[in-house]
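Residue-level listing of the chains:
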Amino acid sequence: MRWILLLAGCLESYSEPAASPVTPDLGQPSSPASPSSPPSTPPDPSLPPGTPTFYKDALGVFQRNCLGCHATGGATAPVLDQADSAAAASKQVLAAVQSGIMPPFPPADGCNQYVGERRISAADSQTLMMWVNAGAPAGNPADAPPPIPAQSASPGTPDKHVTTGPFTPTYPGSAGANDLYWCFVVDPALTAARDLVKLNVVPGQKEEVHHVIVFRDPGGKGSAGKPAGGYECNGVPGEMLTGWVPGSGPMELPSGVGMTLAAGDKLLMQIHYHKVATAAPDSTSLDLYYSATPTPQHAYVVWTGTPLFSIPANAKGYQVKSTCTVNGSWKVLGLAPHMHQHGTAFTSYQGAQCLMNIPHWDFGWQGGYFLQQPMDLTSGAKITTTCTYDNPSGAAIKFGEATTDEMCFGFLYVVAAQKPTFTGLVNLVGGQDTASMCAN
Ligand code: HEC
């Protein structure tokens, strides 16, 4: 899964700078144009006037929507800042954009607004369509828009920098033939509590690192006695703090808000490796930033959803629905939905207010999302989580940690005066009272 806040947090912004200039260096015209000369860009005689071209039209669209992940030197094919590779991929590009797969941003429009939304405008999408339908011509490099400046200011010097590995994954893992979930234990070595305000995950082998989730392991209990080089760990091995998916930048909490790490806590970096043709040793890094003084507000990760379900054999569109009742005054900063590979849709509502609507669940694009406007909740507010699944197999799928099992959680990032609790959870499917499961 790729996270965001996200965990997503993770999908917060396109902060990966393009690794190389987006356009050729056009800064040195070889001869000054005289005032009377025609425009410096001679039209390509083979192209009818007005034909959309890569340099004049498509490149700007790619800059605005795609190059955070598809620039030269980035990890992800196709490379879209070069006329030839963009043209070669043009049919795929159009299909990916028209189907809504790219740019990847699973939350549907019209539910809520998130930090760092990736949505292509109708105008940009139309421009791409016209360019592709015209045969994806390159046109004249002089028409290229100026390169976009690298967007990420340096995130500053971390209080703690750790690097995993080097680790060469071996497959199959228990999650499947091409997948391995590996947990690295990180010791922040705290002798007193500190408030985390920012985390930055930087993957090493970008093609093989599918996503990274950082968990807090309170008191180091979950990872006690585990091998120094890491171990296989599916599911949710601790309290989620943040995640990284392709295209995501650092996760930074709003000013004045921190997530407390206690003395003795460990962190787990759960890396989902996905098999590539030639595996190379991976070293993924994690930077931790603490507030110099305790933050006035604290964020907690609260689990909504339910483990009490089983998806019947051959079910299609099977819904697991649960409601948690808030106890206290909360400010919801964001949400990271979590299902496994049989999920097809996810929603989270507070009454009629939509927190999250993912109509086409993609296991590969999980993330956390910060709300542009945090949502204030008071005691009695009900958060209803609905997970929808298909089970094409002839056996029931149970709740569980293996990727072949299923989960249905919405991890809420909540600011509250103390560790938030629910008054109960009503499982609408089974009708059981699962209050203990809803408390975080
Ligand atoms: C946040 C990173 C990100 C952004 C932004 C992004 N892509 Fe992608 N793209 C990916 C990744 C990662 C893949 C590999 C497939 C996957 O893992 O889903 C991909 C795959 C593709 C593919 C191959 C799809 C296929 O059929 O296999 C195309 C084409 C593509 N992207 C086009 C685009 C276009 C066009 C844009 C902008 C409108 C865009 N992408 C924006 C990350 C991104």
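Small disclaimer: the values here were computed from a predicted structure and weren't measured.

Draft legend 1. Inspection of the overall build of the chain at higher detail. From N to C terminus, the chain includes 7 helices and 21 strands. Counting the 440 residues in the chain, one finds 43% classified as buried. In the chain, of all internal contacts separated by at least 6 residues, the share reaching a separation of at least 24 is 84%.

Draft legend 2. Local environment of helix α2 (residues 54–65). Among the 12 residues that make up α2, 10 are buried, leaving the element largely enclosed by the rest of the structure. Residues of α2 that are buried make contact with α3 (67–70), α4 (83–88) and α6 (122–133).

Draft legend 3. Spatial organisation of the nonpolar core. Within the largest apolar cluster, 77 residues are counted, with the highest numbers of intra-cluster contacts made by L199, V212, V214, M269, A299, F411 and V414. Of the residues forming this core, the biggest block, 7 residues, is contributed by strand β2 (residues 179–186). Here this core spans two domains, since at least three of its residues come from each of domain 2 (161–294) and domain 3 (299–436). With near-sequence residues (within four places) excluded, F411 lies in contact with M240, V301, W303, L335, A336 and H338. If you look at the next biggest cluster of nonpolar residues, it comprises 21 residues, including V61, F62, V132 and A136.

Draft legend 4. Fine view of unusual backbone geometry. Each neighbour pair has its own omega, and for A77 with P78 the value is -5°, a cis peptide bond. Among the secondary structure elements, P78 is positioned in the loop between α3 and α4. Residue P103 is reached from M102 by a cis peptide bond, and omega for that bond is -10°. Relative to the elements of secondary structure, P103 occurs in the loop between α5 (90–98) and α6. Of note in this structure, A189 is not a glycine but carries a positive phi near 55°. Here A189 falls in the exposed class, since 10 other C-beta atoms lie within 10 Å of it.

Draft legend 5. Local environment of the packing of α2 against α6. Here α2 crosses α6 at 140°, and the two axes come no closer than 10 Å. Relative to α6, α2 is oriented oblique. Note that α2 runs across α6; the crossing there is left-handed. Of the residues in α6, those in contact with F54, D57, A58, V61, R64 and N65 of α2 are D124, T127, L128 and W131. Within the contact of α2 with α6, the residues separate by chemical class into 5 nonpolar, 2 polar and 3 charged.

Draft legend 6. The sheet that holds strand β5 (residues 231–232), seen in detail. Read from one edge of the open sheet, 5 strands run β5-β2-β9-β4-β6, paired in antiparallel fashion. Two strands close off the open sheet at either side, each with one partner strand: β5 and β6 (239–244). The pairing of strand β4 (residues 209–217) with strand β9 (residues 266–274) spans 8 bridges and is classified as antiparallel. The residue of β9 that forms the bridge with H211 is H272.

Draft legend 7. Up close: the pairing of strand β3 (residues 194–202). Judged by how many residues are buried, β3 sits mostly within the fold: 8 of 9 residues are covered. Sheet topology places β3 next to strand β8 (residues 257–261); 3 bridges connect them, and they run antiparallel. For L196, the partnering residue across the bridge sits in β8 and is M259. Of the pairings in the sheet, the one linking β3 to strand β10 (residues 285–290) comprises 6 bridges and is antiparallel in character. Counterpart to V202 in the pairing with β10 is S285. With 2 bridges connecting them, β3 and strand β7 (residues 251–252) associate as antiparallel partners. In the sheet register, K198 faces β7, and the bridge partner there is E252.

Draft legend 8. Up close: the packing of α5 against α6. In contact at an axis separation of 10 Å, α5 and α6 are set at 150° when each is read in the N-to-C sense. Compared by their axis directions, α5 and α6 come out roughly antiparallel. Crossing angle aside, the handedness with which α5 passes α6 is left-handed. Contacts between α5 and α6 involve S90, K91, V93, L94 and V97 on the former and, on the latter, S125, L128, M129 and V132.

Draft legend 9. Highlighting α6. Compared with an ideal rise of 1.5 Å per residue, which puts 12 residues at 16 Å, α6 spans 16 Å between its outermost C-alpha atoms and is within 8% of the ideal. Here α6 has its buried residues at L128, W131 and V132. Projection of α6 onto a plane perpendicular to its axis shows the buried side chains occupying an angular sector of 95°, all on one side. Exposed positions of α6 whose direction lies more than 90 degrees from the buried face are A122, A123 and N133.

Draft legend 10. Region of interest: the confidence of the model for the chain. Of all residues in the chain, 83% have pLDDT values of 70 or greater, and the mean over the chain is 83. Across residues 1–41 the pLDDT falls below 50, and counting only partners more than four positions away or on other chains, this stretch makes 142 contacts in the model. Considering only residues more than four positions removed or in separate chains, one finds that residues 426–436, a stretch of pLDDT under 50, has 21 contacts.

Conventions we followed
Residues numbered from 1 in each chain as written. Predicted model: local features only at pLDDT ≥ 70, side-chain atom pairs only at ≥ 80, totals over all residues. Helix = DSSP H or I, 4+ residues; strand = E, 2+ residues; numbered from the N terminus. Buried ≥ 20, exposed ≤ 12 C-beta atoms within 10 Å, placed from the backbone. Contact = placed C-beta atoms within 7 Å. Core = buried A, V, L, I, M, F, W, Y, C linked by C-beta atoms within 7 Å. Domains from an automatic or database assignment. Axes fitted to C-alpha atoms, helices over the stretch in contact; angles between N-to-C directions. Parallel < 35°, antiparallel > 145°, perpendicular 65-115°, else oblique. Left-handed = near helix turned anticlockwise from the far one by under 90°. Nonpolar A, V, L, I, M, F, W, Y, C, P; charged D, E, K, R; others polar. Pairing = 2+ DSSP bridges. Expected span 1.5 Å × (residues − 1). Arc of directions from axis to C-beta. pLDDT = per-residue confidence, 0-100.

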